[in-house]
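What follows is each chain in one-letter form.
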Amino acid sequence: MKTKLHIVAVLFGLLPGPPTASADPPPIGIAIHGGAGALTRKNMGSIKEKAYRKKLEESLMAGYRILKSGGSSLDAVQRAIVILEDSPYFNAGKGAVFNLEGKNELDASVMSGKTLQAGAVAGIQHIKNPIQLARLVMEKSKHVMLYGKGAEEFAKRFKIPMVPNTYFHTPERWRQHQELKNRTSAGRPYRFVFGTVGAVALDRNGNLAAGTSTGGLTNKEYGRIGDSPIIGAGTYANNQTCAVSATGHGEYFIRWTVAHDISALMEYKGMTLPEATHLVVMEKLKAVGGEGGVIAIDKNAGVSMVFNSEGMFRATVRPDGSPDIKIYRDE
Ligand code: ASP
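Residues numbered from 1 in each chain as written. Predicted model: local features only at pLDDT ≥ 70, side-chain atom pairs only at ≥ 80, totals over all residues. Heavy atoms only, no water.

In terms of regular secondary structure, the chain is built from 10 helices and 12 strands. Its C-alpha atoms put the chain at 85 × 45 × 40 Å along the principal axes. Among the 331 residues that make up the chain, the fraction classed as buried is 55%. When contacts within the chain are restricted to residue pairs at least 6 apart in sequence, those whose partners lie at least 24 apart make up 69%. Measuring between centres, the 41 positive side-chain charges of the chain sit 3 Å from its 30 negative side-chain charges. (Helix = DSSP H or I, 4+ residues; strand = E, 2+ residues; numbered from the N terminus. Buried < 20%, exposed > 50% of the residue type's maximum accessible area, 1.4 Å probe, protein only. Contact = heavy atoms within 4.5 Å. Lys, Arg positive; Asp, Glu negative; His and termini not counted. Charge placed at Lys NZ, Arg CZ, Asp CG, Glu CD.)

Written out as structure tokens, the structure is:
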């Protein structure tokens, strides 16, 4: 039996009352990107634009459904990325860009904000979904990063799909490879369209995760590794701060340790996520010509999608559960 005093104390908010059935569940959230760069309405065309938006929505909502049903942020991130890797539209998995030798070399990484465990692969030529291998490196090896042949040997211990290098080829990427070769030999400038993919998520248990997957930069040197598989550069997650996935000119993202810098600004300077992403992408990177952007989510499911290029394929889920899909700067 509760005393009158107890009831009065509850009424005045001095003691907690009984839990109400309508107590909100902990927040969840997800954001994805499909690369940044010279993305204008003119460059895209309306048919292509529709197809990209559709694929982004499919990836986003597949990840969101996992979170909604109580699944982990790592599973949501991986699922969303696999869908984009399997699509020929993006520079990851099928549809990855060619290196200077006319081959595809893929990089990917994933990180858990709960444990700070991370897995990464680089220079992959025969794994259908590099993000899947990055997750295996994180969970089944003692290491953080494996590259090239060693990574693919490791993959053989698990039943994950392996493909010939030609699986990744698309006519559009071959055209870009040739065009850039011609432009370079003619000394003409080339504007990058980055098409790396990434996802960040927060699950019901308050765990953040981030992942990124890419074919790198068109006509990169054989053996070049970008920021996407570098923990702290292209990918970072920490439950205390945020989860980040980047896209852009990787060399800058490595040297400015972009993903970790955003987290560190929150941790050490007490910045909010929008403040930290803005400072790093719109001020620090922009000042030195580091083109690109990031998607990030904080522990309260606040999302930032910031870029200093003309556009960035990006998407998140609104609080009412509907998809919010954007490409251009003015959206
Ligand atoms: N950041 C990637 C790299 O430099 C490229 C991209 O974002 O599309 O490898």
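Further notes follow.
With that settled, the discussion passes to the site of the ligand. Taken together, 13 residues sit near the ligand, with T196, R224, D227, T247 and G248 positioned nearest. Between the ligand and T196 there is a distance of 2.6 Å, counted from an oxygen atom to a side-chain nitrogen or oxygen. G250 is positioned such that a nitrogen or oxygen atom in its backbone is 3.0 Å from an oxygen atom of the ligand. In isolation the ligand has 270 Å² of accessible area, and contact with the protein removes 100% of it. Its residues assigned to classes, the shell around the ligand comprises two nonpolar, nine polar and two charged. (Near = heavy atom within 4 Å. Polar contact = N/O pair within 3.5 Å; in protein donor to acceptor, adjacent residues only side chain to side chain. Areas by Shrake-Rupley, 256 points an atom, 1.4 Å probe, with all protein chains shown as cover. Nonpolar A, V, L, I, M, F, W, Y, C, P; charged D, E, K, R; others polar.)

Let us now look at the sheet that holds strand β1 (residues 29-37). Read from one edge to the other, the open sheet built from eight strands follows the order β4-β3-β2-β6-β5-β1-β11-β12, with strand pairing classed as mixed. For this open sheet the edge positions go to β4 (145-147) and β12 (323-328), each flanked by a neighbour on one side alone. Each neighbouring strand pair of the sheet contributes to a mean axis angle of 10°, computed without reference to strand direction. Alignment of β1 against strand β11 (residues 311-317), held across five bridges, turns out to be antiparallel. (Pairing = 2+ DSSP bridges. Axes fitted to C-alpha atoms, helices over the stretch in contact; angles between N-to-C directions.)

This brings us to the packing of helix α3 (residues 46-68) against helix α4 (residues 73-86). Running from N to C, α3 and α4 point in directions that differ by 160°, and their axes come no closer than 8 Å. Taken together, the axis directions place α3 and α4 in an arrangement best described as roughly antiparallel. Crossing angle aside, the handedness with which α3 passes α4 is right-handed. On the side of α3, the interface is formed by K55, L56, E58, S59, A62, G63, I66 and L67, while α4 contributes S73, D75, A76, R79, A80, I83 and L84. (Parallel < 35°, antiparallel > 145°, perpendicular 65-115°, else oblique. Left-handed = near helix turned anticlockwise from the far one by under 90°.)

This brings us to the packing of aromatic side chains. Applying the stated criterion across every chain, the model contains nine aromatic pairs. An angle of 85° between the planes, with centres 5.8 Å apart, marks the rings of F90 and F313 as edge-to-face. Remark: F313 occurs in strand β11 and F90 occurs in the loop between α4 and β2 (106-112); sequence separation between them is 223 residues. Note on F90: relative accessible area 1%, which makes it buried. Look at F313 and you get buried, because its relative accessible area is 3%. An aromatic cluster is present here, built from Y52, Y89, F90 and F313 joined pairwise through their rings. The side chain of K94 reaches across the aromatic face of Y167, ending 5.0 Å from its centre. Over the aromatic face of Y252 sits the side chain of R255, whose NZ or CZ is 5.1 Å from the ring centroid. (Phe/Tyr/Trp six-rings, centres within 6.5 Å; stacked < 30°, edge-to-face > 60°. Lys NZ or Arg CZ within 6 Å of the ring centre and 35° of its normal.)

Below, the discussion takes up the nonpolar core. Burial of nonpolar side chains together is a common tendency in soluble globular proteins. Within the largest apolar cluster, 51 residues are counted, with the highest numbers of intra-cluster contacts made by I30, I32, V121, L133 and F313. For this core, the element with the most residues is α4, which contributes seven residues. For I32, the contacting residues outside a window of four places in its chain are L56, S59, L60, A80, L84, G198, A199, I295, F313, R314 and A315. In terms of nonpolar packing, the next biggest core, distinct from the first, is built from 34 residues, M111, V244, Y252 and L273 among them. (Core = buried A, V, L, I, M, F, W, Y, C linked by side-chain atoms within 4.5 Å.)

With that settled, consider the packing of helix α5 (residues 130-140) against helix α6 (residues 148-155). Two numbers describe how α5 lies on α6: the axes approach to 11 Å, and their chain directions differ by 75°. With respect to α6, the axis of α5 lies roughly perpendicular. Contacts between α5 and α6 involve L133, L136, V137 and K140 from the former and A151, F154 and A155 from the latter.

The end-to-end C-alpha distance of helix α7 (residues 171-185), which contains 15 residues, comes to 21 Å, matching closely the 21 Å that a straight helix rising 1.5 Å per residue would cover. Regarding α7, the residues found buried are R173, Q176, H177 and L180. Each buried residue of α7 lies within a common arc of 100° when the element is viewed along its axis, so the set occupies one face. Opposite its buried face, α7 presents the exposed residues P171 and S185, each directed more than 90 degrees away. Positive backbone phi, at 70°, marks G187, one or two positions downstream of α7. (Expected span 1.5 Å × (residues − 1). Arc of directions from axis to C-beta.)

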